[in-house]
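Descriptive structure summary
This is what each chain is made of:
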Amino acid sequence: MKKIMVTCVLLLSYTMVIADPLVVYSGRGESLVGLLYEQFEKETGIKLDVRYNSTSASATQLLHEGKQSPADVVFFQESGYLNALKNAGLLASIDPQITALVKSKYRDQENHWVGVSARLRVLAYNTHKLTPEQLPQTLLELADKKWQGRVGWAPSNASAQAHIHVLRKLWGDEQTTQWLQNMQNNDTVRYSRNSQIVRSIANGEIDLGWVNHYYLHQLKKQNPRLTVANFHFPKGGEAGNLLIVSGIGITQHSAKKHQ
């Protein structure tokens, strides 16, 4: 979170300190980044008008509003939406000295957005029931019959949707559709939230789940003795090893940026 704060401060300091607050379209939820915005206001004296929504809804809104949008800054959960805004001409170029603080693979090569955090897609598993050697060694194996009724997922979750989009690119639509069907036919237990999956694993209701890595860390803060661990597929380049980058951009039409 400290690294996120440093980058965020540098990016937003690119804008002028004026009486009106900066309008932030935030695709990251208040429970995750609300304190970050508060810290920014305290350290810079710049007031923020944070408008929370899902990343997809915020991006759609800005695309619809175009140059008339009140947004000065966007903080989105997935970089693909930032690229869509860039391609629509709605993101300003950021000072390369700022973007250079982040490794090139985590930012736009033309300096229209920069990554500030990332989350890994992993398998969480019950350490009392399974060892890493017993787990699926590829994402495809997660749909094997041996895991019938033992796996949890949240397919409507934004990160899962982003992962499925990547699978379509890597596997093609046909193989991805077949894998999703196999998962469904395998009585994979559906949840609305990743945190519910991790809790269910700890409670012994399921054995493993397809989640983001940080949910386990959040729950372990509450209960360090939680009998759950994260597992990364051992083969490099495997479709299950996905890093999703969240990032920030400055809108092209903002009157508050330096000219």
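Scroll up to find the structure this text is about.
Description of the structure in this document.

Parameters and conventions
Residues numbered from 1 in each chain as written. Predicted model: local features only at pLDDT ≥ 70, side-chain atom pairs only at ≥ 80, totals over all residues. Heavy atoms only, no water. Axes fitted to C-alpha atoms, helices over the stretch in contact; angles between N-to-C directions. Helix = DSSP H or I, 4+ residues; strand = E, 2+ residues; numbered from the N terminus. Parallel < 35°, antiparallel > 145°, perpendicular 65-115°, else oblique. Contact = heavy atoms within 4.5 Å. Nonpolar A, V, L, I, M, F, W, Y, C, P; charged D, E, K, R; others polar. Buried < 20%, exposed > 50% of the residue type's maximum accessible area, 1.4 Å probe, protein only. Polar contact = N/O pair within 3.5 Å; in protein donor to acceptor, adjacent residues only side chain to side chain. Salt bridge = Lys/Arg side-chain N within 4 Å of Asp/Glu carboxyl O.

1. Details of the packing of helix α6 (residues 158-171) against helix α7 (residues 173-185)
Packing of α6 against α7 leaves a shortest axis separation of 7 Å and a crossing angle of 130 degrees. In terms of orientation, α6 lies oblique with respect to α7. Counted together, Ile164, Leu167, Arg168 and Trp171 of α6 and Asp173, Gln175, Thr176, Trp179 and Leu180 of α7 form the full contact between these two elements. By residue class, the composition of the contact of α6 with α7 is 5 nonpolar, 2 polar and 2 charged.

2. Observations concerning the environment of Val122
One can find Val122 in strand β4 (residues 114-126). With relative accessibility at 1%, the residue Val122 sits in the buried group. Sequence-wise, Val122 and Gln148 are 26 residues apart; in three dimensions their C-alpha atoms are separated by 19 Å. Residue contacts for Val122: discarding those within four places in its chain leaves Gly209, Trp210, Val211, Asn212, His213, Asn230, Phe231 and His232.

3. So, the side chain of Ser159
Checked against the element boundaries, Ser159 lands in helix α6. Take Ser159: its relative accessible area is 2%, and that puts it in the buried class. Of note is the side chain of Ser159, whose polar atom sits 2.9 Å from the side chain of Arg119. With sequence-adjacent residues up to four places away left out, Ser159 is seen in contact with Gln77, Glu78, Arg119, Arg121, Asn212 and Ile244.

4. A word on the pattern of salt bridges
All told, the structure shown has 8 salt bridges when counted by the stated rule. With a closest N to O distance of 2.9 Å, Asp49 and Arg51 form a salt bridge. We note a salt bridge from Lys129 to Asp207, for which the minimum N-O separation is 3.0 Å. One end of the pair, Lys129, is in the loop between β4 and β5 (151-153); the other, Asp207, is in the loop between α8 (194-202) and β7 (208-212), with 78 residues separating them in the sequence. Several salt bridges share partner residues, and in doing so they unite Lys86, Asp108 and Glu110 into one network.

By themselves, these figures tell us nothing about what the structure is for.
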